[in-house]
Amino acid sequence: MEPKSAHELRHDWEAEDVLSLLTLPLLDLIDRARAVHRRHHPDGEVQLASLLSIKTGACPEDCKYCPQSAHYAKETGLKRETMLDVDDVLAKARAAKEAGASRFCMGAAWREVKDGPAFEAVLAMVRGVRALDMEACVTLGMLNRSQAERLAEAGLTAYNHNLDTSPEFYGNIITTRTYQDRLDTIACVREAGIEVCCGGIIGMGESLEDRARLLQTLANLNPHPESVPINALVPVSGTPLQEAPPVDPLDLVRMVATARILMPLSHVRLSAGRRSLTREAQILCFLAGANSIFYGDKLLTTANNDTEDDLTLIKEAGLAIQPTSSSC
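Residues numbered from 1 in each chain as written. Predicted model: local features only at pLDDT ≥ 70, side-chain atom pairs only at ≥ 80, totals over all residues. Heavy atoms only, no water.

Asks: Got a sec to walk through the overall build of the chain? Specific residues and values, please.
Replies: Along its length, the chain carries 11 helices and 12 strands. Taken along the three principal axes of its C-alpha coordinates, the chain extends 50 × 40 × 40 Å. The buried share among the 328 residues of the chain stands at 55%. In the chain, once contacts between residues fewer than 6 apart in sequence are set aside, the share between residues at least 24 apart is 75%. If you sum the accessible surface of the chain, you get close to 13800 Å²; carbon and sulfur atoms cover 51% of it. In the chain, 34 side chains carry a positive charge and 45 a negative one; their mean positions are 2 Å apart. (Helix = DSSP H or I, 4+ residues; strand = E, 2+ residues; numbered from the N terminus. Buried < 20%, exposed > 50% of the residue type's maximum accessible area, 1.4 Å probe, protein only. Contact = heavy atoms within 4.5 Å. Areas by Shrake-Rupley, 256 points an atom, 1.4 Å probe, with all protein chains shown as cover. Lys, Arg positive; Asp, Glu negative; His and termini not counted. Charge placed at Lys NZ, Arg CZ, Asp CG, Glu CD.)

Asks: Got a sec to walk through the packing of aromatic side chains? Specific residues and values, please.
Replies: A complete count under the given rule lists one aromatic pair for this structure. Seen in terms of ring centroids, Y170 and Y179 are 5.2 Å apart; in terms of plane orientation they differ by 80°. Their pairing is edge-to-face. Side by side, Y170 and Y179 carry an identical accessibility label, which is buried. Its end group placed over the ring of W13, R10 keeps NZ or CZ at 3.8 Å from the ring centre. (Phe/Tyr/Trp six-rings, centres within 6.5 Å; stacked < 30°, edge-to-face > 60°. Lys NZ or Arg CZ within 6 Å of the ring centre and 35° of its normal.)

Asks: Could you give me a rundown of the nonpolar core, with the residues and numbers involved?
Replies: As a rule of thumb, soluble globular proteins bury nonpolar side chains together. Membership of the largest hydrophobic core comes to 95 residues, with the highest contact counts inside it found for Y65, L151 and Y159. It is helix α9 (residues 249–262) that provides the largest number of residues to this core, a total of eight residues. A49, L51, C105 and F294 belong to the second-largest nonpolar core, a separate cluster that totals six residues. (Core = buried A, V, L, I, M, F, W, Y, C linked by side-chain atoms within 4.5 Å.)

Asks: So, the pairing of strand β8 (residues 267–270): which residues are in play, and what are the values?
Replies: Side chains H267 and R269 project from β8 onto one buried face, and the interleaved V268 and L270 project onto a second face that is buried too. One ladder, built from four bridges, connects strand β7 (residues 227–232) with β8; its direction is parallel. Bridged to P229 within β8 is R269. As for the winding sense of the linkage, the β-α-β connection from β7 through α9 to β8 is right-handed. Once the chain exits β8 it traverses helix α10 (residues 279–287) before rejoining the sheet at strand β9 (residues 292–294), and the crossover so formed is right-handed. (Pairing = 2+ DSSP bridges. Right-handed = clockwise from strand over helix to strand, strands pointing away.)

Asks: Lay out the packing of helix α1 (residues 15–22) against α9 with the relevant residues and their values.
Replies: Where α1 contacts α9, the axes come no closer than 9 Å and their chain directions differ by 130°. Relative to α9, α1 is oriented oblique. Crossing geometry of α1 relative to α9 is assigned as right-handed. Of α9, the residues touching α1 (which contributes V18, L21 and L22) are R254, M255, T258, I261 and L262. Here the residues of the contact of α1 with α9 sort into six nonpolar, one polar and one charged. (Axes fitted to C-alpha atoms, helices over the stretch in contact; angles between N-to-C directions. Parallel < 35°, antiparallel > 145°, perpendicular 65-115°, else oblique. Left-handed = near helix turned anticlockwise from the far one by under 90°. Nonpolar A, V, L, I, M, F, W, Y, C, P; charged D, E, K, R; others polar.)

Structure, rendered in structure tokens:
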């Protein structure tokens, strides 16, 4: 759908303006977000995206929330696994499609893409998923322009590379990769003609101002990310954030609603942390503008909602599953 008025698509947000939205009275914020959502998206339609870890563990990055980091392996007990076989991945993609997913996302615990057999296997996975008439997304860490172009040639729909948090708070969470590294990867993806999937995480000890700055940075990307995953931290035993307090579900609703207002055309995806939400809280997120969920019993290494429970929730809420894009 095209924007009804050009002024709605902005890339010049100030942090204080975003903070003002984020802290509006909740019902006013939801009303504004819902109005934007209904202008640009089919009302009540939800995209189902399935996420698979194709290479688990031993990541050299030190992201404090992540059990796949080699820095915390002794504490988490997560073992390094070899990369999945192409045929195995495609079998899982077929199963995801049969269960209703229209997008299949594949994640590898790498700091960056390296040319060689593993990357060739990823390209084969992308081609295979696209041959199933599904959208294909990967998250592989940093990559260069040549690698992005090869992924585009293979038919990749989208590349996920989250900003995680604000530029100011980022150093409290990650020290092995800079914020600019992340922005540079997003630029490579965009220049290759691949859609961008980019969001962040709340509940890591950041302030409201940090949340506003994260959303400001995302909304000032031009064009906006086609998909914006909003994650609530899932504390994992053995990671530095294992004792983080639970995220207030209404904080997640506020992030979803503000993201919808700032990025009217994007899919706003309820991602990690959804398992801790009540049915009512999930429906409130849909009301606030979320129109995509990760679907399946696992998100990389983290447990997710039961698929049958999700289908029941979608049905009882009167929602509809978004069909596969005609571009697939």
